[in-house]
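Coordinate analysis (summary)
Residue-level listing of the chains:
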Amino acid sequence: GVQRRTFARLDTLDEPSGDDPRFTMPAHMDPRLRKPGKKTVALGLGLTFVGCVLLGCYLLWYFGFMPIPDDEERGTSLALLVLGCITLAPGLYVTTILAAVWRGVPGFTYEMIPSFED
C-alpha cells in the first residue's frame with residue numbers, strides 16, 4: 001500500500017532568528033532609508049503642479065470658460081491635454097510615494113523613487 005508520511009513542525013530553536021549581525025546593513029548604507037535629494041523632490045512637485053495647471057486649462061477650454069482662437073483650437077487643446085497627462089503622471093507617482101513614506105505607510109520606501117541627483 002501507500003505509505004503516509006507525517007511532517008512535524010521544527011522547534012522554534014531550530015528556526016533562524018534573522019538577528020545575525022553579519023547580514024544586517026548599517027542604517028547609513030540602506031538605500032530604503034536614504035532620503036531623496038532636493039532635485040528629485042522639486043522635480044516631482046514641479047511636474048505635479050505643471051500637469052495640474054495644463055489639465056486645468058484644458059478643462060477651462062472644454063467647458064467654455066477659456067476661449068482659444070478657432071484656427072488653433074484643435075492643436076492647442078490637444079496639446080494641453082497630452083502635455084498635462086504626460087507631466088501629471090510621473091509627478092503624481094513621485095509625490096504619492098513621498099507622501100506615503102512620510103506618513104509611514106508600510107510597503108513604501110524612498111528606494112521606489114528614481115533619483116535625478118548628480
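One structure accompanies this document, and this report is about it. (Residues numbered from 1 in each chain as written. Predicted model: local features only at pLDDT ≥ 70, side-chain atom pairs only at ≥ 80, totals over all residues. Heavy atoms only, no water.)

In this section: the overall build of the chain. Looking only at helices and strands, the chain has two helices and zero strands in total. When burial is assessed residue by residue, the chain has 19% of its 118 residues classed as buried. Looking at the chain alone, contacts between residues at least 24 apart form 64% of all its contacts between residues at least 6 apart. Element-wise, carbon and sulfur atoms account for 63% of the exposed surface of the chain, whose accessible area totals about 9900 Å². (Helix = DSSP H or I, 4+ residues; strand = E, 2+ residues; numbered from the N terminus. Buried < 20%, exposed > 50% of the residue type's maximum accessible area, 1.4 Å probe, protein only. Contact = heavy atoms within 4.5 Å. Areas by Shrake-Rupley, 256 points an atom, 1.4 Å probe, with all protein chains shown as cover.)

Taken as a whole and judged by the stated rule, the model has three aromatic pairs. When the centroid spacing of 5.7 Å and the interplanar angle of 40° are considered together, the rings of Y58 and W61 count as tilted. Separated by three residues within a single helix, Y58 and W61 lie in helix α1 (residues 38-62), roughly one turn from each other. When its relative accessible area of 17% is taken as the criterion, Y58 is described as buried. With 5.3 Å between their ring centres and 85° between their planes, Y62 and F63 make a pair best called edge-to-face. Side by side, Y62 and F63 carry an identical accessibility label, which is exposed. (Phe/Tyr/Trp six-rings, centres within 6.5 Å; stacked < 30°, edge-to-face > 60°.)

A contiguous nonpolar surface patch, about 600 Å² in accessible area, is contributed by L59, L60, Y62, F63 and F65. With respect to the helices, strands and loops of the structure, Y62 is situated in helix α1. Given the relative accessible area of 53%, Y62 is considered exposed. (Patch = residues over 30% accessible without salt bridge, like charges linked within 9 Å, V, L, I, M, F, W, Y side chains within 5 Å. Salt bridge = Lys/Arg side-chain N within 4 Å of Asp/Glu carboxyl O.)

As a further point, take the nonpolar core. Soluble, globular proteins show a tendency: their nonpolar side chains are buried together. The biggest cluster of nonpolar side chains holds six residues, and these are V94, I97, L98, V101, Y110 and I113. What V101 contacts, discounting residues up to four positions off in sequence, is F108, T109 and Y110. Counting residues in each nonpolar core, the second largest holds five residues, with L54, Y58, W61 and L80 among its members. (Core = buried A, V, L, I, M, F, W, Y, C linked by side-chain atoms within 4.5 Å.)

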